[in-house]
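Residue-level listing of the chains:
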Amino acid sequence: MTDAPPWRSDGALANFDVFGFLARYGTLIALLLLVVFNLAFTRNFATLQTLNVNLTQVCTIVIVAVGMTLVIATGGIDLSVGSIMAIAGALAPLIFLSPIFDGNVAVAVAVAMVSAILVATLCGLFNGWLVAQFRIQPIVATLVLFIAGRGIAQALTNSNLQVFRVPEFQWIGLGRPLGLPVQVIIMVVLVAFAAWMLRRTRFGRSILATGGNERAAELAGVAVNRTKLAVYAISGFCAGIAGLVVIAINSASDANLVGLGMELDAIAAVAVGGTLLVGGRATIVGTLLGALTIQLVRYTLLANGVPDAAALIVKAGIIALAVWLQQQRRT
Amino acid sequence: MNRARVARLFGTYGVLMALAVLIIFGWWRYDNFLSAFNVTTVVRYNAMFALIALGMCFVIMAGGIDLSVGSTAALGSVAAALASHYGIVPGMAAGIGAGLLVGAINGLLVTRARIMPFIATLSTLLAASGTALLLSNQTSVPVSATSGFINVGMGMLWVVPIPTAIAVAAYALGSIVLNYTSTGRTVLAVGGGEDASKLMGLPVARVTFLVYLASGGLAGLAGVLLAALGFAGQPTEGVGWELFAIAAVVVGGTLLTGGSGSVVTTLAGVLLLGTLFNVLNFENGKGWISLSAAWQSVVRGLFLLVVVLLQARLTRSTSQKA
């Protein structure tokens, strides 16, 4: 098998690897097809508002999915992201609404954001510690915080809904510098940074090496344990940011709901994006495309009057199809 | 007795000992803990989880995972509630049938399309949930009050609640299948090493398909019980059940890597988590502490943490010996 592009004259078109092509560019093609379909059939699709709605809805999923991509690239999985979002979302309002800051909003918001994200990162570090130090399978290790984390968030708030109106804080979800939503900027920066890191830095190579073959990576001198600790911490960090964005948009924090089911959405985005779920091969941009595709499918169905429940079934089909296509490429 | 031996004994009987200790603690501390009412309530409501955990146990022993069980149970409860107007048997058949259908799709996705179990069952989780919502018009579906379907949940078989009797029968059957049939031994072989099993000529694909089918069917049956106990098909129920089932299987000492495990200790794992919940409720009733639902999930998470940490230590010491 050569890697010659199929349009070159020496490679007969008969050899064209349909599955390989679809596995590599399928998500992008699907996304383009969806856009074309919507331009043709969905009313008011080509408006700034549609773009805004879709981007703001997909943002938190992408932010979480970036961390998830790195975790999955090491051969792990992080089920606790939704609960970590709830913890960050419960903690921040407790701090910036607390009377000890005596009306000094700027300080209160800064302390709230930093500490919420810090706690989220520590939660991720705890996951990584269980995985790296005790060799507990990631799915079980992160199950602990999945169960306990939401409980912690509910206990912090006594399961009360925290409602607030603090523009200084909500800027992270509602601000529009240069006409762009702040969380979209955060998402783009995170995606760009993670994509660069994964491709160009030693840490990125360590992540892929760990996921490709842990034993070999260790023997080759890769700090496997430290890499694992780092990716789970990053995943927690991303979940923390996403938690803040969600409560900022809602002007409220409900520990029962923030981030509920997020782990599944993020994993789905990663899978559709083309990251190998057993680790060793990952693409951050693919994850972004995957999340956008899932979002756009849902939007397309809803905008054309298909109920949300049916959209779920379609989403399921897309996930299975995307992973199946990648499977064809590997074999 | 050397350390590895202790470890193995603890791995097998640890959960039973913990269960015994917890029950004795409850009996000593709370007046009505072993009252007929409390015991029947606990075993009646945990029957659903027990059924799901049994299916999960088989899937995990075969080296897979089934995330779809929770929404399959929800789908089963809706199907059972819709069909309950035609009688007990159609109601149960609809619920179990819906579960078997999801299980069959899982099995095909894993064996034919060769999609990783985690993702295959994640997608059917979404699809089953969507189907349940569509069938029910997004609200709970009342079961028939006249066809006797409710007896499946609330009835008694002599002194045993019917859901409990169903669960016990399922576990007995599961234990026999695992220990005394070639299918059961093949499940363990496949989980222990799929390639090796294939080379030995074992029907890997068929057995893998069967465990997902069984897991789906049991989840559907759990859905029947859910409908009968709650008097309604509940399309949004079952969220997170898969993780509860995985926790019960892990607490029961079955390793997630597949290839080994026990049906009986899985049941003990379910009862342990259920009893822990019950004890926390009684402790609340004592008034010394007030554990809200939130703290209960924190306690359950911590409990899982302790168990997996112990398991991690034990498996390391046994694997070093072996």
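See the structure shown above.
Model, not experiment: these values are computed from the prediction.

This paragraph deals with the overall build of chain A. Along its length, chain A carries 13 helices and two strands. Since a compact globule built from 331 residues should have a radius of gyration of about 20 Å, the 21 Å found for chain A is in line with a globular shape. When burial is assessed residue by residue, chain A has 51% of its 331 residues classed as buried. Relative to all contacts within chain A whose residues are 6 or more apart in sequence, the contacts with residues 24 or more apart total 78%.

For the rest of this paragraph, the subject is the overall build of chain B. Each helix and strand counted, chain B has 13 helices and four strands in total. On C-alpha atoms alone, chain B measures out to a radius of gyration of 20 Å, which is about the 20 Å that the 2.2 N^0.38 rule sets for 322 residues. Overall, chain B is about 60 × 55 × 35 Å in size when its C-alpha atoms are taken along their principal axes. Per-residue burial over chain B gives 54% buried out of 322 residues. A sequence separation of at least 24 residues applies to 78% of the contacts in chain B between residues at least 6 apart.

On to helix H6 (residues 167-174) of chain A. Residue and element names in this part refer to chain A. Those residues of H6 lying buried are Phe169, Gln170, Ile172 and Gly173. All buried residues of H6 lie within an arc of 130 degrees about the axis, which places them on one face of the element. Looking at the buried positions of H6, the neighbouring elements they touch are helix H3 (81-96), helix H4 (105-134), helix H7 (182-200) and helix H10 (224-250).

Residues and elements named next belong to chain B. One way to put it is that helix H8 (residues 182-192) packs onto helix H10 (residues 204-230) with a least axis distance of 10 Å and a crossing angle of 100 degrees. In terms of orientation, H8 and H10 fall into the roughly perpendicular class. Contacts between H8 and H10 involve Thr183, Thr186, Val187 and Val190 on the former and, on the latter, Val204, Val207, Thr208, Leu210 and Val211. Partitioning the contact of H8 with H10 into residue classes produces six nonpolar, three polar and no charged.

Looking now at the interface of chain B and chain A. Tallying the contact residues gives 37 residues for chain B and 34 residues for chain A. Residue assignment for the side of chain B that touches chain A shows that the elements contributing at least two residues are helix H5 (117-136), helix H11 (241-251) and helix H13 (293-321) of chain B. Here the element with the most residues in the side of chain B that touches chain A is H5 of chain B; it accounts for 13 residues.

Quick look at helix H2 (residues 36-61) of chain B now. Residues and elements named next belong to chain B. Taking 1.5 Å per residue as the helical rise, H2 with its 26 residues ought to reach 38 Å, and the 35 Å between its terminal C-alpha atoms agrees with that figure. The sharpest bend along H2 measures roughly 40 degrees and falls at Ala47. Gly63, located one to two residues past H2, shows a positive phi value of around 85 degrees.

What follows is about unusual backbone geometry. One non-glycine residue with positive phi stands out, namely Ser251 of chain A, at about 55 degrees. Within the element layout of this structure, Ser251 of chain A appears in the loop between H10 and strand S2 (252-253). The residue Asn137 of chain B is not glycine, and still its phi comes out positive at about 55 degrees. One can find Asn137 of chain B in the loop between H5 and strand S1 (141-142). Among the residues examined, Asn137 of chain B registers 12 C-beta atoms within 10 Å and is labelled exposed.

What follows concerns the environment of Thr121 of chain B. All names here are of chain B. With respect to the helices and strands, the residue Thr121 is situated in helix H5. Owing to 30 C-beta atoms within 10 Å, Thr121 belongs among the buried residues under this scheme. Apart from residues lying up to four places away in sequence, Thr121 is in contact with Ile65, Asp66, Leu67, Ser68 and Asn106.

Another aspect to go through is the packing of H11 of chain B against helix H12 (residues 263-286) of chain B. Residues and elements named next belong to chain B. Viewed as axis vectors pointing N to C, H11 and H12 meet at an angle of 115 degrees, and their least axial separation amounts to 7 Å. H11 and H12 meet at a crossing whose hand is right-handed. Together, Ala247, Ala248, Val249 and Val251 of H11 and Thr266, Gly269, Val270, Leu272 and Leu273 of H12 make up the contact between the two elements. Looking at side-chain class alone, the contact of H11 with H12 contains seven nonpolar, two polar and no charged residues.

Criteria and cut-off values
Residues numbered from 1 in each chain as written. Chains lettered and ligands numbered in written order. Predicted model: local features only at pLDDT ≥ 70, side-chain atom pairs only at ≥ 80, totals over all residues. Helix = DSSP H or I, 4+ residues; strand = E, 2+ residues; numbered from the N terminus. Rg over C-alpha atoms; globule rule 2.2 N^0.38 Å. Buried ≥ 20, exposed ≤ 12 C-beta atoms within 10 Å, placed from the backbone. Contact = placed C-beta atoms within 7 Å. Arc of directions from axis to C-beta. Axes fitted to C-alpha atoms, helices over the stretch in contact; angles between N-to-C directions. Parallel < 35°, antiparallel > 145°, perpendicular 65-115°, else oblique. Nonpolar A, V, L, I, M, F, W, Y, C, P; charged D, E, K, R; others polar. Expected span 1.5 Å × (residues − 1). Bend = angle between axes of the 7 residues up to and from the residue. Left-handed = near helix turned anticlockwise from the far one by under 90°.

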